[in-house]
Amino acid sequence: MREIEAIRSILALVIQRANSHPVTDVNLVLGELSDLTDTTIRQHWNKLSKGTLAEQAKLHFRLIKAEVQCMTCFQKYHPLNKQIHCPYCGSYGAKILAGEEFRLESIELDKE
C-alpha cells in the first residue's frame, strides 16, 4: 500500500508542475534497493493517471546503483542481490548511502 501512496504523491507533483498542460514524459529516479520496480510503478501509474493531464505520459527511469558502507570496517561496497553483507569483513551491519531513491526528476509538457 505504501508503494501506491508514493506513486500517487509523485503523480500529484507532476500534475501540479504541469500547470494545465498535458504531460508527455515523466523522468523518475529509482534506486536499485527500492521496494518499487519499474514494472510496478508503470502498472500503478496507468491506473492512477487515468483522466489526468499525465494519462498519456511516458515514464522514463534513471536507475541509481546501490552503495553501502560497512559499520564495522567502514569499507564502501555495492551489495550483491540486495544483500547487505560486507565482502571485506563479513559483517551484516551497513549504512545505505545510495540506492533507495524514488523521486521525480523532471517532466516534459505538450505546450501546443
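Higher on the page you've got the structure.
In this text, all values refer to a predicted model and were calculated from it rather than measured experimentally.

## A short note on the pairing of strand β1 (residues 23-31)
Okay, step 1: A large share of β1 lies buried, amounting to eight of its nine residues.
Okay, step 2: Note that β1 and strand β6 (residues 102-109) share seven bridges and pair antiparallel. By the bridge assignment for β6, V23 is matched with L109.
Okay, step 3: In the sheet, β1 pairs with strand β2 (residues 58-64) via seven bridges, with the strands oriented parallel. Among the inter-strand pairings, L30 is bridged to a residue of β2, identified as L63.
Okay, step 4: The parallel pair β1 and β2, bridged by helix α2 (residues 38-48), forms a crossover whose chirality is right-handed.

## Details of the nonpolar core
Okay, step 1: By size, the foremost hydrophobic cluster in this structure holds 18 residues, and its most contacted members are V14, V23, V26, L28, I41, W45 and F102.
Okay, step 2: Of all elements in the fold, only α1 (2-18), β1, α2 and β6 reach the threshold of two or more residues within this core.
Okay, step 3: If one sorts the elements of this core by residue count, α1 sits on top with five residues.
Okay, step 4: Setting aside its immediate chain neighbours within four residues, V26 contacts V14, W45, A57, K58, L59, H60, L104, S106 and I107.

## Here we look at the sheet that holds strand β3 (residues 67-70)
Okay, step 1: Taken in spatial order, the three strands make up an open sheet running β4-β3-β5, and their pairing is antiparallel. Each edge of the sheet is formed by a strand with only one pairing partner; in this case those strands are β4 (76-77) and β5 (94-98).
Okay, step 2: As defined by bridge partners, β3 adjoins β5 across four bridges and the pair is classed as antiparallel. Residue pairing for β5: C70 is matched across the bridge by A94.

## Points about the sheet that holds β1
Okay, step 1: Strand order in the open sheet formed by three strands is β2-β1-β6, with mixed pairing between adjacent strands. Whereas interior strands pair on both sides, the edge strands pair on one side only; in this sheet they are β2 and β6. Going from strand to strand, the sheet's axes swing by 20 degrees on average, the running direction of each strand aside.
Okay, step 2: Running at roughly 30 degrees to β6, α1 makes contact with β1 and β6 of the sheet.

The rules behind each value
- Residues numbered from 1 in each chain as written.
- Predicted model: local features only at pLDDT ≥ 70, side-chain atom pairs only at ≥ 80, totals over all residues.
- Heavy atoms only, no water.
- Buried < 20%, exposed > 50% of the residue type's maximum accessible area, 1.4 Å probe, protein only.
- Helix = DSSP H or I, 4+ residues; strand = E, 2+ residues; numbered from the N terminus.
- Pairing = 2+ DSSP bridges.
- Right-handed = clockwise from strand over helix to strand, strands pointing away.
- Core = buried A, V, L, I, M, F, W, Y, C linked by side-chain atoms within 4.5 Å.
- Contact = heavy atoms within 4.5 Å.
- Axes fitted to C-alpha atoms, helices over the stretch in contact; angles between N-to-C directions.

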